[in-house]
Amino acid sequence: MTRDKLKDEAYFDNYLKANISLLGKIEEGLEKAQKEGDKDKEERHFSAKINLEFRLLKALYSAGKPIDEIKRLFEDLLNDFPAFWGEHSSIYDAYDLLALAILFRTGKEELGGIFSLLDSTGRNDALTDFYRKYITEGIVEAKGKTSHGYPYDNLLAIASGGAAVRPLQLKHYLQKDWYKGHKQAFWHNLHKNDAAYFGYWSFEAGAVAKILGIDDGSLKDVPYYPYDLVHYC
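### So, the pattern of salt bridges
Item 1. All told, the structure shown has 12 salt bridges when counted by the stated rule.
Item 2. Of the charged contacts in the structure, one is a salt bridge between Asp119 and Arg132, with a shortest N-O distance of 2.8 Å. Here Arg132 lies in helix α6 (residues 126–137) and Asp119 lies in helix α5 (residues 108–120), a separation of 13 residues in the sequence.
Item 3. Judged by relative accessible area, Arg132 falls into the buried class, the value being 18%.
Item 4. Residues Asp129 and Arg132 are paired through a salt bridge, measuring 3.9 Å at the closest nitrogen-oxygen approach. Of this pair, Asp129 and Arg132 both sit in helix α6, 3 residues apart, which is roughly one turn of the helix.
Item 5. One connected set of salt bridges, linked through shared partners, spans Asp119, Asp129, Arg132, Lys133, Glu141 and Lys143.

### Looking at the nonpolar core
Item 1. Of all hydrophobic cores here, the largest spans 78 residues; its most connected members are Phe81, Phe130, Tyr131, Leu170, Tyr173 and Tyr225.
Item 2. Per-element accounting of this core gives the leading share, 10 residues, to helix α4 (residues 91–103).

### Overview of the packing of helix α1 (residues 9–36) against helix α2 (residues 39–62)
Item 1. Relative orientation of the contacting elements α1 and α2 amounts to 160°, with a least axis distance of 9 Å. One way to sum up the angle between α1 and α2 is to call them roughly antiparallel. For α1 against α2, the interelement crossing comes out left-handed.
Item 2. When grouped by side-chain class, the residues that make up the contact of α1 with α2 number 15 nonpolar, 5 polar and 7 charged.

### Regarding the packing of aromatic side chains
Item 1. Per the stated rule, a full pass over the model turns up 23 aromatic pairs.
Item 2. Each ring, one from Phe186 and one from Phe198, has its centre 6.2 Å from the other, and the planes form 45°; the classification is tilted. A residue pair is termed long-range when its members are at least 10 positions apart, and Phe186 in the loop between α8 (166–178) and α9 (203–212) and Phe198 in the loop between α8 and α9 qualify at 12 residues.
Item 3. Relative accessible area serves as the criterion here: at 2%, Phe198 is assigned to the buried category.

### Quick notes on the environment of Asp13
Item 1. Position of Asp13 among the secondary structure elements: in helix α1.
Item 2. On a C-alpha basis, the gap between Asp13 and Ala164 in space is 40 Å, while along the polypeptide they are 151 residues apart.

### What about α8?
Item 1. Its 13 residues place the ends of α8 only 16 Å apart at the C-alpha level, less than the 18 Å of an ideal helix rising 1.5 Å per residue.
Item 2. Those residues of α8 not exposed but buried are Arg166, Pro167, Leu170, Tyr173, Leu174, Asp177 and Trp178.
Item 3. Turning to α8, the residues buried within the fold contact α7 (152–157) and α9.

### With respect to the packing of α6 against α9
Item 1. In contact at an axis separation of 12 Å, α6 and α9 are set at 40° when each is read in the N-to-C sense. In terms of axis orientation, α6 runs oblique to α9. Crossing geometry of α6 relative to α9 is assigned as left-handed. Contacts between α6 and α9 pair Phe130, Tyr131 and Tyr134 from the former with Glu204, Ala207, Val208, Ile211 and Leu212 from the latter.
Item 2. Within the contact of α6 with α9, the residues separate by chemical class into 7 nonpolar, no polar and 1 charged.

Conventions adopted
- Residues numbered from 1 in each chain as written.
- Predicted model: local features only at pLDDT ≥ 70, side-chain atom pairs only at ≥ 80, totals over all residues.
- Heavy atoms only, no water.
- Salt bridge = Lys/Arg side-chain N within 4 Å of Asp/Glu carboxyl O.
- Helix = DSSP H or I, 4+ residues; strand = E, 2+ residues; numbered from the N terminus.
- Buried < 20%, exposed > 50% of the residue type's maximum accessible area, 1.4 Å probe, protein only.
- Core = buried A, V, L, I, M, F, W, Y, C linked by side-chain atoms within 4.5 Å.
- Axes fitted to C-alpha atoms, helices over the stretch in contact; angles between N-to-C directions.
- Parallel < 35°, antiparallel > 145°, perpendicular 65-115°, else oblique.
- Left-handed = near helix turned anticlockwise from the far one by under 90°.
- Nonpolar A, V, L, I, M, F, W, Y, C, P; charged D, E, K, R; others polar.
- Phe/Tyr/Trp six-rings, centres within 6.5 Å; stacked < 30°, edge-to-face > 60°.
- Expected span 1.5 Å × (residues − 1).
- Contact = heavy atoms within 4.5 Å.

Quick look at the structure:
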């Protein structure tokens, strides 16, 4: 049974089959470039590999695959991320990676390189700092603004509200802010493409729910909310 409600099981089976095959070809090209010492081609293949793995991870979750399978792919991404991401990369990738780290209860030792990378590239912001403080110090503290403002500033504001209203605030974020706030993202409206859609998931909403201990029973069937991941550990 799929977790995503916009496409059916047959769609995701086809998507995964095609893109797992494509990943194999990219990895072959990467290996060839490394043997030839072609750094430019190696970099292109490596970036393509990581970008595709992010999409496959979301597609696996959308398709209803076991969380353990998704976690294995996440661990590969975590290992490769420092060599992929830089000062001109999308902050969305960093947000997704750190949110998944929260959901999989990744230890601070495994994430030290990611936080150092954010610092060295000048990309640390209010959301990544929120994650960092929780992961490294167990502190729940949201201060400042995020790199993209809306909708992430609205998400962080939930941390300042009372516990009783947080489920309603998070539901509002998911229903009114999250998708609308990503209208400039490459994946916005991708469900209209019958070959490229991999699922819409607000991993950061799940991470914030976990950090704040939000009672999310009312969010189980709310679009974009990764309920199974929040409750995995």
